[in-house]
Amino acid sequence: MAANGGGTRLAIGCEDGSVKLFQVVPGGIQFEKNLDRQKGRVLCLSWHPLGTHIAAGSIDFIRVLDVRSGRTVQRIMVNYHVSKPKKRECVVWSIAFLSDGTVVSSDSFGRVQFWDWERGTLLESHTVSTSAVLSLAVSEKEDSIVVGTSTGATYQFQLLPVKAGGQEKRWVRTKPFQYHTHDVRAVAHSPTALISGGLDAQLVIRPLMEKVQRKGYEAVLRKVTFPHRCLVSCARKARLLLFQFSQHLELWRLGSTNETGKDGEVLNVCRMPEHLLQLKSKGPEHIYCSCVSPCGSWVAYCTASRFHIYRVQHEGDSVSVKKVPGVPKLLLPAYQLQCASDSGRLFVASDRGSVHVLQLLEPGGCKHLHTLRPPAGTAEAVYLLASSADGNWLAAVSGDWEIHVYSLKHFKHHCAVPMYGCAVSALAIHPATNNLVIAYADQQLFEFSIPEKQYTAWSRTVQNGGLHKAWLERDTPITHIAFNPQNPAHILLHDVYMFCVLDKSLPLPDASTPLFNQSALKQLPEPARQRQLHAFKICKKFQPLLFAELLEENRLVLVERPLADIRAQLPPPVQQQPFGT
């Protein structure tokens, strides 16, 4: 499946060898016509930048189709030069159509090949692997290509002059990278980085240092393991955790202990964690989002076309669940669900920039109260929500990176946070001050006063002084923010690799002070320790960290997702024999 450069038409390759064209219309797509059908399934597609032709990759050949007439105008056999006794099927896994008429293909023989589509001739061929090259992507200027292989390696090709100062140029393989253990199924080429996604559940962003203007966020290699959308929600009052899987939900009751101990000790539990129920989603659709209410009595989830709410009854050690009838029909899908702190309302973030407010009714019903919309409107989906503990405010983040704050007392727009040129990765409203704490994907932190509609003095201090270099160069963004009700100065943050308590009452660390200094501080006497204290208290004991939340009774729950468990479920990687053996 591939869209043209303007995003107005969509081409879909089918198993029967046909290519179908669709027009992109408001709210969906509309069938336009069928292009020439050929024997063999279509595995990859690419539009010419002008939108006049489409290159389609299949087994053993490439076709070039004229979009206007729908006919095949060129057929290229990718395996024509191999002798018949040695011939085997050659699968064209990925393809790209350049503006000069060159077609670039990658195949199961481990080759990246460049073709003149008008003549059907081979211009260049590069064998980069003994196994398949599965994916490729071209830079906007068409002077660089990145490819991914089934061995987990990625390679960069650059269009360079044959002689210094000369006009003739050739494609040269310049940079190999090995950051994945399994198939690299997807690659992308940004102006400053090569991006690869592997079957090993890792997204790797490799900066191109010659393209980076200055050292900073863009100049750091990043490995992103987990999706930024939270897959765990917590019922703090009921001590329950809801785990979201692709097609089912699991509700667990946390274990407990009566013991106390020192820092680092493992305590015996008097009650083991308990699996309470499993909710399976009907049909093939994946679950987009889910949540459990703070009291543990309501569970909601949404797929692409369905929205469900369940009433959970707790009677001693037994649990029963009942589907709530008459759920309001909303524009789906929803990308975020969140319950109010009193469990009386459910906020549903839509894919059209609005937020629906539902009232949850005893003993098991709901009704639509209001739909909150930004003043100027937006077509971007809302993907993050944060509600205040007093039930007065709701903050919503849309795909255009705008943050809108709504009054839940009057069901109207209150204000918008000043625009910042980066995506929001997490946000939360402080229960005591109603200050909105925002974490951005470039690791910057802001604090915005909702009642006063402006950044706080602490936030301005942070931005004027700047955050520590080691903080800004972390691999993954903050994915969750929480607060300690017993200490209003504490902000709890976490990403995949660390848990942090940010103490606003302490000074920010300067460039000469180590950011990760907790273990060193323990070795110092009290006077020296006080002099070296700074705002960031960071713990890396728990990782990879999927979720963290502060429960009542001043207890913290953390959810780890060991990468070894994920890799154990993957097929074995393609093994390459070491050189010289």
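Residues numbered from 1 in each chain as written. Predicted model: local features only at pLDDT ≥ 70, side-chain atom pairs only at ≥ 80, totals over all residues. Heavy atoms only, no water.

Undergrad: How should I be thinking about the side chain of His480 in this particular structure?
TA: Within the secondary structure layout, His480 lies in strand S41 (residues 480–483). Using a relative accessible area of 18% as the deciding quantity, one classes His480 as buried. In this structure the side chain of His480 is engaged in a polar contact, spanning 3.3 Å, whose partner is the backbone oxygen of Ala548. Within the local environment of His480, its side chain forms a polar contact with the side chain of Glu549, the two groups lying 3.4 Å apart. The residues touching His480, leaving out its near neighbours within four places in the chain, are Ala426, Leu492, Leu493, His494, Phe547, Ala548 and Glu549. (Helix = DSSP H or I, 4+ residues; strand = E, 2+ residues; numbered from the N terminus. Buried < 20%, exposed > 50% of the residue type's maximum accessible area, 1.4 Å probe, protein only. Polar contact = N/O pair within 3.5 Å; in protein donor to acceptor, adjacent residues only side chain to side chain. Contact = heavy atoms within 4.5 Å.)

Undergrad: In this structure, what is going on with unusual backbone geometry? I would like to understand it.
TA: Backbone phi values are negative for most residues with the exception of glycine, while trans is the configuration of most peptide bonds. Following Glu362, the chain continues into Pro363 via a peptide bond in cis, with omega recorded as 0 degrees. Here Pro363 is to be found in the loop between strand S31 (355–361) and strand S32 (365–372). Residue Pro544 is bonded to the preceding Gln543 through a cis peptide linkage, with omega at -5 degrees. Tracing the sequence through the fold places Pro544 in the loop between strand S44 (536–539) and strand S45 (545–550). A positive phi angle, close to 80 degrees, is found at Gln443, a residue other than glycine. Within the element layout of this structure, Gln443 appears in the loop between strand S38 (435–440) and strand S39 (445–449).

Undergrad: Would you mind going over the pairing of S45 with me for this structure?
TA: If a strand is regular, its side chains alternate between the two faces of the sheet. Among the six residues in S45, six count as buried, and that is most of the element. With five bridges connecting them, S45 and strand S46 (residues 556–560) associate as antiparallel partners. Looking across to S46, one finds that Glu549 is bridged to Val557. (Pairing = 2+ DSSP bridges.)

Undergrad: So what exactly am I meant to see when it comes to the pairing of strand S35 (residues 403–407) here?
TA: In terms of burial, S35 is a largely internal element, five of the five residues being buried. Every second residue of S35 is oriented toward a common face, with Ile403, Val405 and Ser407 on one face and His404 and Tyr406 on the other, all of them buried. Bridge analysis of strand S34 (residues 393–398) against S35 gives five bridges, and the strand direction is antiparallel. Residue Trp393 lies in a different strand from S35, and its bridge partner there is Ser407. Counting the residues that bridge the hairpin from S34 to S35 gives four residues, and of these Trp401 lies at a positive phi of roughly 75 degrees. When S35 meets strand S36 (residues 412–416), the two strands line up antiparallel, connected through four bridges.

Undergrad: Explain the state of the cysteines to me, please; I cannot follow it from the model alone.
TA: What we call a disulfide is simply a covalent bond connecting the sulfur atoms of a pair of cysteines. Counted under the stated rule, the structure contains zero disulfides. Cys90 takes part in no disulfide bond, and the closest cysteine sulfur to it belongs to Cys44, at a distance of 11 Å. You can call Cys90 buried: its relative accessible area is 0%. Cys500 supplies the cysteine sulfur nearest to Cys539, a cysteine that is in no disulfide, at a spacing of 10 Å. (Disulfide = S-S within 2.5 Å.)

Undergrad: Mind showing me how you'd approach the pattern of salt bridges here?
TA: Any two side chains of opposite charge can pair, on the condition that their charged atoms come close. In total, this model carries 13 salt bridges according to the counting rule given. In this structure, the salt-bridge partner of Arg185 is Asp183, at a minimum N-O distance of 3.3 Å. Close ionic contact of Arg352 with Asp351 constitutes a salt bridge, the shortest N to O distance being 4.0 Å. Taken together, the salt bridges that share partners define one network made up of Arg253, Arg271 and Glu274. (Salt bridge = Lys/Arg side-chain N within 4 Å of Asp/Glu carboxyl O.)

Undergrad: So what exactly am I meant to see when it comes to the confidence of the model for the protein chain here?
TA: Detailed reading of predicted coordinates is not advised where the pLDDT is low. For the protein chain, per-residue confidence averages 88 on the pLDDT scale, and 95% of positions sit at 70 or higher. Across the protein chain, the secondary-structure element scoring lowest on mean pLDDT is helix H3 (residues 518–522), at 72, and the one scoring highest is S39, at 97. (pLDDT = per-residue confidence, 0-100.)

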